[in-house]
Amino acid sequence: MDSEAVEAAKRRAGESAAAVVADGDVVGLGTGSTAAHAIRRLGERVDAGLDITGIPTSHQARETAREAGVPLTSLDEATPDVAIDGADQVATGGEGGENPAAAAGGTLLKGGGGAHAREKVVDAAADRLLVVVDERKETDAIDGPVPLEVLPAARPTVADAVEGLGGTPTLRRAERKDGPVVTDNGNLLLDCDFGRIDSPASLAEALDRLPGVLAHGLFLGLADEIHVGTADGVTVRDI
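Residues numbered from 1 in each chain as written. Predicted model: local features only at pLDDT ≥ 70, side-chain atom pairs only at ≥ 80, totals over all residues. Heavy atoms only, no water.

Draft legend 1. Quick look at the side chain of threonine 183. Looking at where threonine 183 falls in the secondary structure, it is placed in the loop between strand S9 (168-171) and strand S10 (188-193). Within the structure, threonine 183 has its side chain in polar contact with the side chain of glutamate 149 (distance 2.8 Å). Discounting residues that sit within four places of it in the chain, threonine 183 has contacts with Gly114, Glu149 and Leu189. (Helix = DSSP H or I, 4+ residues; strand = E, 2+ residues; numbered from the N terminus. Polar contact = N/O pair within 3.5 Å; in protein donor to acceptor, adjacent residues only side chain to side chain. Contact = heavy atoms within 4.5 Å.)

Spelled out as structure tokens, the structure:
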């Protein structure tokens, strides 16, 4: 797909998930370009009379929601009924059939935008997680670098531990400023290349045990639906 077709597919996926939100819902608002389409569609529905509140997962999501007119709250005040979030990859397991995402349990790779720590908290708290992606994001198995949000002082020890697990850690650098990317939480990001990940649960367990790691980008067992935008529509996969 060319860039225009990709953007249209993202919009279809985001708007498909936004249509699921019901009156009175508290909605977790994910970060990224596809989730932003969902937030903007929710804003249109709010303008038409929908009564919802949103819990943003990042500064970006908060600003998009404010511009769209979505009322905001926080986890201190409410628990999300549903969350809408994007993903960098969705493992389909390569099993074929009518519901390939279910074969892999909807394993997600997230963190390209550096907001996965807050996203994981909100997504896990929600009763339902709706994942919005375009069809390029579906893959046989997770094989992209896994982002780790780490405490700055822990970066050297975490990097050594990642190498011990067979990964190659790279400190994420800012594109238009000197130095590394700093998350909304004030931490650093290590993008860790493990190649093809055939046992994401085992790797996630190992990463969870590393002192200084606030969150990794493997999301397992959280997704309830995958809304996949295509060139001519949306495919919704139940997990």
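Further notes follow.
Draft legend 2. Broad picture of the environment of threonine 107. Residue position: threonine 107 is located in the loop between helix H4 (100-103) and strand S5 (108-109). Sequence spacing of threonine 107 and glycine 179 is 72 residues, and the spatial spacing of their C-alpha atoms is 32 Å. Once you skip the residues sitting within four places of it in the chain, threonine 107 turns out to touch Gln89, Val90, Ala91, Ile142, Pro200, Phe219 and Leu220.

Draft legend 3. Broad picture of the sheet that holds strand S2 (residues 53-56). Strand order in the open sheet formed by six strands is S2-S1-S3-S6-S13-S14, with mixed pairing between adjacent strands. In the strand order of this sheet, the two ends are held by S2 and strand S14 (234-238), each with one partner. Shown here is a sheet whose adjacent strand axes are inclined to one another by a mean of 20°, direction ignored. In this sheet, strand S3 (residues 82-86) lies alongside strand S1 (residues 26-29) in parallel orientation, the contact comprising three bridges. Counted as the bridge partner of leucine 29 is isoleucine 84 from S3. (Pairing = 2+ DSSP bridges. Axes fitted to C-alpha atoms, helices over the stretch in contact; angles between N-to-C directions.)

Draft legend 4. Looking closely at the nonpolar core. Counting residues in each nonpolar core, the largest one holds 22 residues, and the members touching the most others are Val146, Leu148, Val158, Leu190 and Phe194. Counting residues per element, the ones that place at least two in this core are strand S8 (146-150), helix H6 (155-164), S10 and helix H7 (200-208). Those residues in contact with valine 146, other than ones at most four positions away along the chain, are Leu109, Leu190, Asp191, Cys192, Phe194, Ile197, Leu207, His216, Gly217 and Leu218. In terms of nonpolar packing, the next biggest core, distinct from the first, is built from 19 residues, Ala18, Val27, Ile52 and Ala61 among them. (Core = buried A, V, L, I, M, F, W, Y, C linked by side-chain atoms within 4.5 Å. Buried < 20%, exposed > 50% of the residue type's maximum accessible area, 1.4 Å probe, protein only.)

Draft legend 5. Spatial organisation of the packing of aromatic side chains. Tallied over the entire structure, the rule returns zero aromatic pairs. Taking the ring centre of phenylalanine 219 as reference, the NZ or CZ of lysine 110 above it sits at 5.5 Å. (Phe/Tyr/Trp six-rings, centres within 6.5 Å; stacked < 30°, edge-to-face > 60°. Lys NZ or Arg CZ within 6 Å of the ring centre and 35° of its normal.)

Draft legend 6. Local environment of the pairing of S3. In terms of burial, S3 is a largely internal element, five of the five residues being buried. Taking every second residue as pointing to the same face, both faces of S3 are buried, with Val82, Ile84 and Gly86 on one and Ala83 and Asp85 on the other. Bridging between S3 and strand S6 (residues 128-134) involves five bridges; their strand directions are parallel. Each bridged residue has a counterpart across the sheet, and for isoleucine 84 the counterpart in S6 is leucine 130.

Draft legend 7. Inspection of the layout of surface pockets at higher detail. Estimated volume of the largest pocket: approximately 400 Å³. In terms of lining, the largest pocket is formed by 32 residues, of which the most central are Thr31, Gly32, Gly112, Gly113 and Gly114. Going through the elements one at a time, helix H2 (33-47), helix H3 (59-68), helix H5 (116-125) and S6 are the ones with two or more residues in the lining of the largest pocket. Among the elements that take part in the lining of the largest pocket, H5 stands out by supplying four residues, more than any other. Here the lining of the largest pocket is composed, by residue class, of nine nonpolar, 16 polar and seven charged. (1 Å grid on protein atoms, 1.4 Å probe; cavity = no way out; pocket = protein on both sides within 12 Å on 5 of 7 lines; lining within 4 Å. Points joined across faces, edges and corners; volume = space filled by probe spheres on them. Nonpolar A, V, L, I, M, F, W, Y, C, P; charged D, E, K, R; others polar.)

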